[in-house]
Amino acid sequence: MDPISDQEYLKKEQYRQGDHLDARIQLHRRFSVNPSNYFEWMYDLLDLRAGMPVMEVGCGTGEIWHTNQRRLPAELQVTMLDLSTGMAGSARAVLNSDARFDFAAADVQRLPFSTGQFERVLANYMLYHVPDISLAVRELRRVLAPGGRLCAATNSAGHMQELGDLMNRFGLMRSELHDFAARYGLENAPAILGESFEHVEVIPFIDSLFVTETRALLDYIRSMVGIWDFPPGAQEEITAWVNAEIQTNGGFTIHKASGAVLAW
Ligand SMILES: C[S@@+](CC[C@H](N)C(=O)[O-])C[C@H]1O[C@@H](n2cnc3c(N)ncnc32)[C@H](O)[C@@H]1O
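Presented here is an overview of the structure given in this document. (Residues numbered from 1 in each chain as written. Predicted model: local features only at pLDDT ≥ 70, side-chain atom pairs only at ≥ 80, totals over all residues. Heavy atoms only, no water.)

### Describing the side chain of Glu 56
Inspection of the secondary structure puts Glu 56 in strand β1 (residues 53-57). Buried charge without a partner: Glu 56 forms no salt bridge, and the closest opposite charge is Arg 29, 13 Å away. For Glu 56, the side chain forms a polar contact with the side chain of Trp 65, separated by 2.8 Å. In contact with Glu 56, other than residues within four places in its own chain, are Ile 64, Trp 65, Thr 79, Met 80, Leu 81, Leu 122 and Asn 124. (Helix = DSSP H or I, 4+ residues; strand = E, 2+ residues; numbered from the N terminus. Buried < 20%, exposed > 50% of the residue type's maximum accessible area, 1.4 Å probe, protein only. Lys, Arg positive; Asp, Glu negative; His and termini not counted. Salt bridge = Lys/Arg side-chain N within 4 Å of Asp/Glu carboxyl O. Polar contact = N/O pair within 3.5 Å; in protein donor to acceptor, adjacent residues only side chain to side chain. Contact = heavy atoms within 4.5 Å.)

Put into structure tokens, the structure is as follows:
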């Protein structure tokens, strides 16, 4: 089965706990050139108000909430769900037992809630993992209250192209790594969400990485789907290539193509 949407593989290996996702978030946090913080920008788009019932599914390590924890209304109830119990546990640890959050394991294709329960629903960087995306989108629509809003961020096809090229050059790029945006990306999000929502708005966040530390990039590569063992010699070759790039140009530039998708 395709590892992108193999739920057993995702639950038991890739997202068993927060470490792989965290290596990727750290690279963005440390080397992004846009001075605005991506998770603060995204939080502003949610337009949250005190007392709103909110749900995030595929919550991962809870980075959007952790980044904005001090800005959250005192009265807020956020239900955090993830397919992986370990990942929900990582989010709980990061949010430091904040009483506004509760955590559970659940599949977005079968949400354990009645209809119209939430004012805001987040499903960021997760729909491309789901076997039946249309079913998931119907579920997200169903649990939203009338007038409620979904945020389902994702990447576009050219996201981190230079990293893909680097991995190709050293025999590390498996074909499925290209398929995230083909399953659910900024290009096809309007059609996919449009099956269940009347309005869909794609809001890109313009940014790139300027990576000045080889080790952080290797940690990122190691964390990605399906890449556990480097072919013999590949790690040394990539290290030498990135070191040379940093020495010559001061850093390795990787363009991003990512953004929020709002639907209501
Ligand atoms: C790339 S992470 C995104 C984390 C977080 N939303 C963020 O923006 O940082 C994808 C998450 O989706 C979860 N996931 C994958 N399939 C899922 C499903 N069917 N239902 C719920 N969560 C799922 C994974 O366990 C993982 O934690």
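### A short note on the site of the ligand
Residues in close proximity to the ligand total 18 residues, the closest being Gln 7, Gly 58, Asp 82, Asp 107 and Asn 124. Gly 58 has a polar backbone atom sitting 2.7 Å from a nitrogen atom of the ligand. One nitrogen or oxygen atom from the main chain of Val 108 is found 3.0 Å from a nitrogen atom belonging to the ligand. Contact with the protein chains hides 96% of the accessible area of the ligand, taken as 600 Å² for the molecule alone. Looking at the shell around the ligand residue by residue, the classes come out as 10 nonpolar, 5 polar and 3 charged. (Near = heavy atom within 4 Å. Areas by Shrake-Rupley, 256 points an atom, 1.4 Å probe, with all protein chains shown as cover. Nonpolar A, V, L, I, M, F, W, Y, C, P; charged D, E, K, R; others polar.)

### Examining the side chain of Thr 79
Summarising the element assignment, Thr 79 is placed in strand β2 (residues 77-82). Those residues within four positions of Thr 79 in sequence are excluded, and the remaining contacts are Val 54, Met 55, Glu 56, Asp 102, Phe 113 and Phe 118.

### Some points on the pairing of strand β9 (residues 252-255)
Residues of β9 alternate between two faces, with Phe 252 and Ile 254 buried on one and Thr 253 and His 255 left unburied on the opposite face. Relative to β9, strand β8 (residues 208-211) is paired through 4 bridges, and the arrangement is antiparallel. Across the sheet, Leu 209 pairs through a bridge with Ile 254, a residue of β9. (Pairing = 2+ DSSP bridges.)

### A short note on the environment of Leu 163
By the element assignment, Leu 163 lies in helix α7 (residues 161-169). Placed 58 residues apart in sequence, Leu 163 and Ile 221 show a C-alpha to C-alpha distance of 8.6 Å. Discounting chain neighbours no more than four positions away, the residues touching Leu 163 are Leu 217, Tyr 220, Ile 221, Met 224 and Ile 254.

### Quick word on unusual backbone geometry
In this model, Asn 96 sits at a positive phi of 55°, which is unusual for a non-glycine residue. Its identity as a non-glycine residue notwithstanding, Met 160 has a phi of 55°, on the positive side. Assessed through its relative accessible area of 6%, Met 160 is described here as buried.

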